[in-house]
Amino acid sequence: MSQDGFHNLNFEALAIGQNQCGAAGSATAIGLFSGMVTVLLQSLLSAQCLITPASQWPVDYSGDLSTPYDFVVIGAGSAGSVVASRLSENPEWKVLVLEAGGDPPVESELPALFFGLQHTEFTWNYFTEPSDEACQGMKDGRCYWPRGRMLGGSGAANAMLYVRGNRKDFDGWSAMGNQGWSYDEVLPYFEHSVTPQGNATHPKGYVTLSPFERQDDSIHQLIIDGAQELGVPYVERFEEGSETGYAHVPGTVRQGQRMSTAKGYLGAVAKTRPNLHVVKKATVTKLNFDGNVVTSVNFERAGVSHQVKVTKEVVLSAGAIDSPALLLRSGIGPSQQLEDLNIPVNIDLPGVGRNLQDHVIVPLFLRLDEGQAETITEKDKLDGIYEYLIHRRGPLATHSTASLVAFINTNKSSDSVYPDTENHHLFFQRGNHASLELFTKGLYFQDSYIETLQVYLRDSHLLCVFVLLSHPAARGELHLKSTDPKEPPILTSNYLTEPEDVATLMRGIRYIESLEQTKALRDHRAELARIPIEECDQLGDYRSEEYWRCYARYFTITCYHQSGTVKMGPSTDPEACVSPRLRVHGTENLRVADASIMPAVVSANTNAATVMIGERAAHFIREDNLDSVAGADGGKWVPHMHADDF
């Protein structure tokens, strides 16, 4: 709801309330109390406006774009905001950011409402192609893959969980021929992004990390207690030596509000850097080349076409779907696909759009405390709204049990310390039908399945457990449907097409079944909620291996971790698109910095690694452009810095 709509609604409600009092024949009043109520309403409305003041975002630049920029960054998401901010620390470099969206809505700020941004103008609303193997319980048999379309990108719409991944992830990247990307080499860049203090040589980091406010303590505890019965420990944090177990992970939040990189890296510095310009609602349509050098960038804004020239580099940070799509529209990609669409081939790069990876999820629902669960009341909801507006606390300042994350090695024949599944936990209190609807409609469940879950929520709590595949073997693909930027690309997920992926998910489901049988959960009358699926119900025994394989074909969803479509690797790798210094193969001045460069998706939520990629890209660019002049904070950037310098 808009602020004006909220304002009108409340004052209309006040007028109605006063009329009802009169109609009921209540005692006359001198107006003192109604005046106090009016003051309260005005205070609440003012508090709402203060949640997301325009001053926390960079201004929308509307000045002259005819003068060339040193650097053009495409996308103000989790990595693009980092790159633009770091490059603009050099006051002699003129930096332009082109972002397809605008400022995030107020709903983006509240952790509890993160599912509410889906299917709106603030996301690119992408859908996968129908498949016989997966997503059959979603509407039209398509999985919904939203990507952020606003300042902060998908980092302004995600669950804000900050998890880096583990040593095996990044050492694996290095082993693929990506020099400089081992765990020990990337760790300083993670640290650099979150370090609060700075000095003359090393400006501060801008990622704000805080623990989420703890709500629903008893539910957190029963999960932890049940896991410990199964021998799975609770750890303080995921780090070396603690790669598996349960932990409450920190979030990119501060005082109950989201802290995306657009807010931390761009909004925090834009007013003091006249060399940094941000153009909002600018959809980039094409990169223009002279030989292997990008000379200009085309974009549309409010129906008007523009072109901006670049003298040093273009950095593409549009995400794992839009980065490869823009490369293809610009003539970089598999030559046959380009020729089929009559796109002139600038660089034949077969890997663009391939190697598409995602953390596929099979969600399970546990009923808790049937017939005994405490029902949420309207007073509870109103108290929560008041608590957030006035104090930035309460249920809207967090997402209940979502910060409790588990990494599990389900393979009993393996003694690996590393996980093969990740579990997320989403709790819905009995009677909180609006919250469940926001979640299920956001994921695009078919209506009949939503109705079944809503019926269960009348008599019990629901705990949804995401069983996530950490290391997918399946690789999907992205193809252009047409040269029109308004036409979404064709997305083939290939979810569950590899037997080893299905086998791991089956073990992950069996782990949740074991958790269901622990004393901790049985004390809460835990029972897996059976969702009627005609095909699966005809297979025989409920919960058999055959049943769960069928269930997974229907209940397959994304964890929003699309990656890999502009794969990083040496030129000897036929699928590689960018070098280990993130320069697009065959080009002189085009780099990609976002999750699309991951050769293999990290075994964790991808936002932290994407921020690190942004820091890494900025470092490469500074080195390659010999940035040794005074920085914006008065110090000097030292060329060819080493990790030990951080």
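Cut-offs and rules
Residues numbered from 1 in each chain as written. Predicted model: local features only at pLDDT ≥ 70, side-chain atom pairs only at ≥ 80, totals over all residues. Heavy atoms only, no water. Helix = DSSP H or I, 4+ residues; strand = E, 2+ residues; numbered from the N terminus. Polar contact = N/O pair within 3.5 Å; in protein donor to acceptor, adjacent residues only side chain to side chain. Contact = heavy atoms within 4.5 Å. Phe/Tyr/Trp six-rings, centres within 6.5 Å; stacked < 30°, edge-to-face > 60°. Buried < 20%, exposed > 50% of the residue type's maximum accessible area, 1.4 Å probe, protein only. Lys NZ or Arg CZ within 6 Å of the ring centre and 35° of its normal. Disulfide = S-S within 2.5 Å. Salt bridge = Lys/Arg side-chain N within 4 Å of Asp/Glu carboxyl O.

Caption draft 1: View of the side chain of Thr587. Position of Thr587 among the secondary structure elements: in the loop between strand S21 (557–558) and strand S22 (590–592). Of note is the side chain of Thr587, whose polar atom sits 2.7 Å from the backbone oxygen of Val584. Setting aside chain neighbours within four positions, we find Thr587 in contact with Phe289, Asn292, Ile332 and Ile347.

Caption draft 2: Structural view of the packing of aromatic side chains. By the definition in use, this model includes 27 aromatic pairs. Between Phe238 and Phe407, the aromatic rings sit 4.7 Å apart at their centres with planes inclined by 85°, giving edge-to-face as the arrangement. Of the two residues, Phe238 sits in the loop between helix H6 (217–229) and strand S5 (245–248) while Phe407 sits in strand S15 (residues 404–408), which places them 169 residues apart along the sequence. Look at Phe238 and you get partly exposed, because its relative accessible area is 21%. Residues Phe439 and Phe445 carry aromatic rings whose centres are separated by 6.5 Å and whose planes lie at 65° to one another, so their mutual orientation is edge-to-face. For the pair Phe439 and Phe445, one class covers both residues: buried. Above the plane of the ring of Tyr542 lies Arg530, whose end atom (NZ or CZ) is 4.2 Å from the centre. In this structure, Arg616 is placed above the aromatic ring of Trp181, and the distance from its NZ or CZ to the ring centre is 5.4 Å.

Caption draft 3: Focus on the environment of Thr208. Mapped onto the elements of the fold, Thr208 is located in the loop between helix H5 (183–194) and H6. When sequence neighbours within four positions are dropped, the list of residues in contact with Thr208 reads Gly251, Thr252, Val253, Arg254 and Met259.

Caption draft 4: Seen up close, the state of the cysteines. For the coordinates displayed, the defined rule picks out 2 disulfides. Put simply, Cys135 and Cys143 are joined by a disulfide, and their sulfur atoms are 2.2 Å apart. Residues Cys135 and Cys143 share a disulfide whose torsion about the S-S bond is about -100°; that sign makes it left-handed. Each member of the pair, Cys135 as well as Cys143, carries the same accessibility label: buried.

Caption draft 5: Representation of the pattern of salt bridges within the structure. Summed over the entire model, instances satisfying the criterion amount to 35 salt bridges. Arg167 is the partner of Glu240 in a salt bridge, and the nearest nitrogen-oxygen pair spans 2.9 Å. In this pair, Glu240 is assigned in the loop between H6 and S5 and Arg167 in helix H4 (residues 167–175), connecting sequence segments 73 residues apart. Since its relative accessible area comes to 45%, Glu240 is described here as partly exposed. For Glu313, the salt bridge identified is with Arg591, shortest N-O distance 2.6 Å. With a gap of 278 residues between them, Glu313 in strand S11 (residues 304–316) and Arg591 in strand S22 connect regions that are remote in the sequence. Judged by its relative accessible area of 3%, Glu313 is buried.

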